[in-house]
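The primary structure of each chain is shown beneath.
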2 protein chains.
Amino acid sequence: MENFDFQAPTNILFGEGQLQHLPRLLQEHGQRVLLTYGGGSIKRNGLYDEVQTLLKNANMTVIELGGIDPNPRLETVKEGARLCHEHDIDVILAVGGGSTIDCSKAIAAAYYYDGDPWDFTQKRELATKGLPIVTVLTLAATGSEMNGGAVISNMETKEKLGMGGRALIPKASILDPTNTFTVPRYQTMAGSADILSHLIENYFSVTEHAAVQDHVAEGLMKTVLHYTPIALEQPEHYDARANLMWASSLALNGLTGSGKKGSWSCHPMEHELSAYYDITHGIGLAILTPRWLAHILNADTVEKIAAFGRAVLDVEWEEPWAAARQTIQRLYETFVAWGVPMTLGEVGIDREYLEEMAEQAVKHSTLATHAYVPLEVKDVQAIYEACLTPMTFTE
Amino acid sequence: MENFDFQAPTNILFGEGQLQHLPRLLQEHGQRVLLTYGGGSIKRNGLYDEVQTLLKNANMTVIELGGIDPNPRLETVKEGARLCHEHDIDVILAVGGGSTIDCSKAIAAAYYYDGDPWDFTQKRELATKGLPIVTVLTLAATGSEMNGGAVISNMETKEKLGMGGRALIPKASILDPTNTFTVPRYQTMAGSADILSHLIENYFSVTEHAAVQDHVAEGLMKTVLHYTPIALEQPEHYDARANLMWASSLALNGLTGSGKKGSWSCHPMEHELSAYYDITHGIGLAILTPRWLAHILNADTVEKIAAFGRAVLDVEWEEPWAAARQTIQRLYETFVAWGVPMTLGEVGIDREYLEEMAEQAVKHSTLATHAYVPLEVKDVQAIYEACLTPMTFTE
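Reading the values: rules and limits
- Residues numbered from 1 in each chain as written.
- Chains lettered and ligands numbered in written order.
- Predicted model: local features only at pLDDT ≥ 70, side-chain atom pairs only at ≥ 80, totals over all residues.
- Heavy atoms only, no water.
- Helix = DSSP H or I, 4+ residues; strand = E, 2+ residues; numbered from the N terminus.
- Rg over C-alpha atoms; globule rule 2.2 N^0.38 Å.
- Buried < 20%, exposed > 50% of the residue type's maximum accessible area, 1.4 Å probe, protein only.
- Contact = heavy atoms within 4.5 Å.
- Areas by Shrake-Rupley, 256 points an atom, 1.4 Å probe, with all protein chains shown as cover.
- Core = buried A, V, L, I, M, F, W, Y, C linked by side-chain atoms within 4.5 Å.
- 1 Å grid on protein atoms, 1.4 Å probe; cavity = no way out; pocket = protein on both sides within 12 Å on 5 of 7 lines; lining within 4 Å.
- Points joined across faces, edges and corners; volume = space filled by probe spheres on them.
- Nonpolar A, V, L, I, M, F, W, Y, C, P; charged D, E, K, R; others polar.
- UniProt positions renumbered as here; feature names shortened; annotations may be inferred.
- pLDDT = per-residue confidence, 0-100.
- Salt bridge = Lys/Arg side-chain N within 4 Å of Asp/Glu carboxyl O.
- Least-squares fit on C-alpha atoms with pLDDT ≥ 70 in both.
- Pairing = 2+ DSSP bridges.
- Phe/Tyr/Trp six-rings, centres within 6.5 Å; stacked < 30°, edge-to-face > 60°.
- Lys, Arg positive; Asp, Glu negative; His and termini not counted.
- Polar contact = N/O pair within 3.5 Å; in protein donor to acceptor, adjacent residues only side chain to side chain.
- Domains from an automatic or database assignment.
- Buried area = accessible area lost by both parts, 1.4 Å probe.
- Axes fitted to C-alpha atoms, helices over the stretch in contact; angles between N-to-C directions.
- Parallel < 35°, antiparallel > 145°, perpendicular 65-115°, else oblique.
- Left-handed = near helix turned anticlockwise from the far one by under 90°.
- Disulfide = S-S within 2.5 Å.

**Student:** I'd like to hear about the overall build of chain A, residue by residue, with values.
**Tutor:** The secondary structure content of chain A amounts to 16 helices and 8 strands. For 395 residues, the compact-globule estimate of 2.2 N^0.38 gives 21 Å, and the C-alpha radius of gyration of chain A, at 20 Å, lies within 12% of that figure. Overall, the C-alpha framework of chain A stretches about 65 × 45 × 40 Å when taken along its three principal axes. Expressed as a percentage of the 395 residues in chain A, the buried residues total 62%. Nonlocal contacts in chain A, meaning residues at least 24 apart in sequence, comprise 77% of its contacts between residues at least 6 apart. Carbon together with sulfur atoms contributes 48% to the accessible area of chain A, which is approximately 14,400 Å² in total.

Listed below in structure tokens is the structure:
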């Protein structure tokens, strides 16, 4: 196990009806709130009205920033920071999924920074201070509700990059599973794929003997694999939504990554796909992950891939190569069974920019030097190429 | 899953050499430190000198409270609070295991309370405020380094009771596995039994469908079962000590208990044993747990006990009763293999107070009303009785 510095201080209020505590959570920081949200689903399902009523009854001042994009944009960050200054905001209330929360983090940091907020993606240490953030989560996916990370997009340069810092970790997050009952099928499967991917990225690391982290990750992966089909079939199944929601937070709050070193693999590759084509992040990850595993399968990785399959995908082969191949097949078939479009063509991506995106993926990350299996441009390109056609298996 | 309110804000600095950050962690709260520790093992292994040198070089004022007992006593709490007032202490530095940290929490709360600190065990809500606490952990066991709970003993009344509050959660804890290299064999196995017991107590709950919590608990239990024999054979095995140490913190920071309701079973029963006989807490838990499982095995519990064994003890029986019986046997044999004295006689306890302790256990807890399987005085007494003789199994 590697040395680490872990802190996940977010106060989680979990369960149906926890929204009633929202005014108290916000008022610890002040009375003037910037309310951020996305495309309006919270207006359709009534959550927006509930929040507004609660804050009005608590005599709070609410400034709104709605319409935050699924891949939140630099311009929105700037606009949010401007609003915070103009209205002397005390606390940001993000009601939504990862994009709304990520955008709010960037706004929180931009408030205290005179330069271009895009700088945060170039120098992480610039984001040392932020306005306090409270979230009401509406999608089980990114884990942003319990960590300090954010991803923002620069549509001019076609870049989608990470930023963050401990100061940006939400002070409190309300996780009410019923707020995810109306999440559409496609977003539900994308969210689960995102959770799984966070766990898989940390699981496959060059660090050995991090059993706490790996066994916890296996437990969370089993949970996601068990409850995703249930949530897809019965969108209002409380326990399915509850387990997916809590798994999403724990999958990326440092619990499974702290003490393990190296860079992630599929996320840097996916970030180029959604930077170029604005596709749904989780879907991109689902498409990439089985091809990535197939590409890196070798004598050094076979045991770990096999262990992964035995622990979470009911793989029973003792022989490691057979077990590893079956693991990849089962993971692919799991996504197919959920209904994920499993080729790039199905999400509108063709060959045109594959090479360019591969170059960008390597440039924007430490894939080539610090990944579990280091990936050069040609490797990334080969993985992208493999995503053009369905995977086939012989057994 | 039940509703819950989770917060585990402790900053964990994990790994060899992290002690160097101690002055910075303390100075966030002030320059005047109450240093608490136990029986002197930190003087023998050099940790005491290291800490003193670091604090001296940072020009900090250090007042000492050494000799804290394995079951920390009310009088020590009072003495600690007195020292904090007399010397205008800013922060408490606990260097030790759970007893030292628990005692420090009680001192931290007593500092702000005019009455008898024993009141905290009668009314939890009295401990709303505390001096900040930083810990340097030397034993993987109680998890006190990452939660707000404490257990203190009143030797006059032969009572050993819990107290706590969110204000008492340590601000930071340094977890350097090398600080546990000198933990003796007996304390190592007792610590592991304590970690396992925390996980088992939360695992067996009347709440169903808390898969996140249960699968995370299984992962931590597997870790403890794998690494304990290694640590017993090779006390300086870094990865074994590291995994046990991190498992100890995660086993009782709310992660596996939040969202599950009901009271614990073995801890209330064990607390009477160590209140009456001052035995090692983890050893008492190891003795009790298999007998408790055997006592509560019935048509309602058989599936859960079987699932526990299949997940963490390599039980392969499909048939639930066979699987559950094998689970209990394997758990017992695991403790025997570690070298735990598995009868009450071996730790100096005879029949004399069994009935009285059973009455106290029920009186001091909600065993009879809120346990996984409610336990009356006669049940507790029967479990104690069963602990007088070795368990036998027929297969």
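Picking up after the structure, the text goes on.
**Student:** Which residues make up the nonpolar core, and what values go with them?
**Tutor:** By size, the foremost hydrophobic cluster in this structure holds 184 residues, and its most contacted members are Trp246(A), Trp292(A), Trp246(B) and Trp292(B). Aside from chain neighbours lying at most four places away, what touches Trp292(B) is Ile200(B), Phe204(B), Ser265(B), Cys266(B), Met269(B), Tyr372(B), Leu375(B) and Ile383(B).

**Student:** Residues and numbers for empty space enclosed by the protein, please.
**Tutor:** Residue and element names in this part refer to chain A. Considering all chains together, one arrives at 3 cavities of 30 Å³ or more under this definition. Each pocket or cavity is described by its volume, and for the largest cavity that value is around 80 Å³. Together, Leu139, Ala140, Thr180, Val183, Gln187, Thr188, Gly191, Ser192, Arg241 and Leu244 line the largest cavity. Elements supplying a minimum of two residues to the lining of the largest cavity: helix H7 (185-203) and helix H9 (238-250). Residues of the lining of the largest cavity, tallied by class, amount to 4 nonpolar, 5 polar and 1 charged.

**Student:** Give a description of the UniProt feature "domain: Alcohol dehydrogenase iron-type/glycerol dehydrogenase GldA" (unreviewed entry) in chain A that names residues and reports values.
**Tutor:** Per the UniProt record, "domain: Alcohol dehydrogenase iron-type/glycerol dehydrogenase GldA" (unreviewed entry) is found at residues 9-177 of chain A. In this annotation, residues 9-177 of chain A is assigned 30% helix and 25% strand; the end-to-end C-alpha distance for the span is 21 Å.

**Student:** Lay out the confidence of the model for chain A in plain terms, naming residues and giving numbers.
**Tutor:** For chain A, mean pLDDT is 96; residues scoring 70 or higher make up 100% of the total. Note on the complex model: pTM 0.97, ipTM 0.96.

**Student:** Give a detailed account of the UniProt feature "domain: Fe-containing alcohol dehydrogenase-like C-terminal" (unreviewed entry) in chain A, specifying residues and quantitative values.
**Tutor:** Residues annotated by UniProt as "domain: Fe-containing alcohol dehydrogenase-like C-terminal" (unreviewed entry) correspond here to residues 188-387 of chain A. Between the C-alpha atoms that bound residues 188-387 of chain A the distance is 22 Å, and the span itself is 67% helix and 0% strand.

**Student:** Quick rundown of the pattern of salt bridges? Include the residues and the values.
**Tutor:** What the rule picks out here adds up to 27 salt bridges over all chains. Here Lys261(A) ties to Glu2(A) by a salt bridge, and the two come within 4.0 Å at their closest N and O atoms. You can see Lys261(A) sitting in the loop between H9 and helix H10 (266-277) and its partner Glu2(A) sitting in the segment before strand S1 (4-14), a full 259 residues away along the chain. Judged by relative accessible area, Glu2(A) falls into the partly exposed class, the value being 27%. With a closest N to O distance of 3.1 Å, Glu79(B) and Arg82(B) form a salt bridge. Separated by 3 residues within a single helix, Glu79(B) and Arg82(B) lie in helix H4 (residues 74-86), roughly one turn from each other. A relative accessible area of 31% means that Glu79(B) is categorised as partly exposed. What you see here is one network of salt bridges that share partners, running through Asp69(A), Arg73(A) and Asp278(A).

**Student:** I'd like a rundown of the relation of the copies chain A and chain B, residues and numbers included.
**Tutor:** With an RMSD of 0.0 Å, the fit of chain A onto chain B corresponds to turning through 180 degrees and sliding 0.0 Å along the axis. Here the transformation between the copies is reduced to the relation of a two-fold axis. Proximity to the rotation axis, assessed at the C-alpha, singles out Pro9(A) in chain A; its C-alpha lies 1.9 Å from the axis. Interface residue correspondence from chain A to chain B reaches 100%, placing this contact among same-surface, isologous pairings.

**Student:** Help me get a handle on the environment of Leu388(B), residues and values and all.
**Tutor:** Structurally, the position occupied by Leu388(B) is in the segment after helix H16 (377-386). Setting aside residues no more than four positions away along its own chain, Leu388(B) makes contact with Thr343(B), Leu344(B), Ile349(B), Asp350(B), Arg351(B) and Leu354(B).

**Student:** I'd like a rundown of the pairing of S1(A), residues and numbers included.
**Tutor:** Where burial is concerned, most of S1(A) is hidden: 8 out of the 11 residues are buried. Taken together, the 7 bridges between S1(A) and strand S1 (residues 4-14) of chain B define a ladder with antiparallel strand orientation. From the neighbouring strand, Ile12(A) faces S1(B), where its bridge partner is Phe6(B). Looking at chain direction, S1(A) and strand S8 (residues 172-175) of chain A are connected through 4 bridges and run parallel.

**Student:** Requested: an account of the packing of aromatic side chains, with residues and values cited.
**Tutor:** Considering all chains together, one arrives at 32 aromatic pairs over all chains under this definition. Judged by centre distance (5.1 Å) and plane angle (55 degrees), the rings of Phe4(A) and Trp246(B) are tilted. A residue pair is termed interchain when its members come from two chains, as with Phe4(A) in strand S1 and Trp246(B) in helix H9 (residues 238-250). Each ring, one from Phe204(B) and one from Trp292(B), has its centre 5.8 Å from the other, and the planes form 85 degrees; the classification is edge-to-face.

**Student:** Which residues make up the side chain of Asp102(B), and what values do they have?
**Tutor:** Residue and element names in this part refer to chain B. Among the structural elements, Asp102 can be located in helix H5 (residues 98-110). Buried charged residue Asp102 carries no salt bridge. Nearest counter-charge: Lys105, at 4.4 Å. Separated by 3.0 Å, the side chain of Asp102 and the backbone nitrogen of Val151 make a polar contact. Discounting chain neighbours no more than four positions away, the residues touching Asp102 are Pro72, Ser144, Gly149, Ala150 and Val151.

**Student:** Summarise the domain arrangement of chain A; cite the residues concerned and give the values.
**Tutor:** All names here are of chain A. Domains assigned within chain A are domain 1 (11-180) and domain 2 (185-387). Here the C-alpha centroids of domain 1 and domain 2 sit 26 Å apart. Every contact between the two is made by 25 residues of domain 1 and, on the other side, 27 residues of domain 2. Both sides of the domain 1 and domain 2 interface together cover about 2,200 Å² of buried area, and 60% of this is carbon and sulfur.

**Student:** Provide a residue-level description of the packing of H4(B) against H5(B), including the pertinent values.
**Tutor:** All names here are of chain B. The geometry of H4 relative to H5 is characterised by a closest axis approach of 8 Å and an angle of 55 degrees between their N-to-C directions. In terms of axis orientation, H4 runs oblique to H5. Between H4 and H5 the crossing geometry is right-handed. Where H4 abuts H5, its residues Thr76, Val77, Gly80, Ala81 and Cys84 lie against Cys103, Ala106, Ile107 and Ala110. For the contact of H4 with H5, the per-class residue count stands at 7 nonpolar, 2 polar and no charged.

**Student:** With reference to specific residues and values, describe the state of the cysteines.
**Tutor:** Using the criterion set out here, one finds 0 disulfides over all chains in the structure. Its sulfur unpaired, Cys387(A) is 8.8 Å from the next cysteine sulfur, which belongs to Cys266(A). On the basis of relative accessibility, which here comes to 0%, the residue Cys387(A) falls in the buried class. In this structure Cys84(B) is a free cysteine whose sulfur lies 10 Å from that of Cys103(B), the closest cysteine sulfur available.

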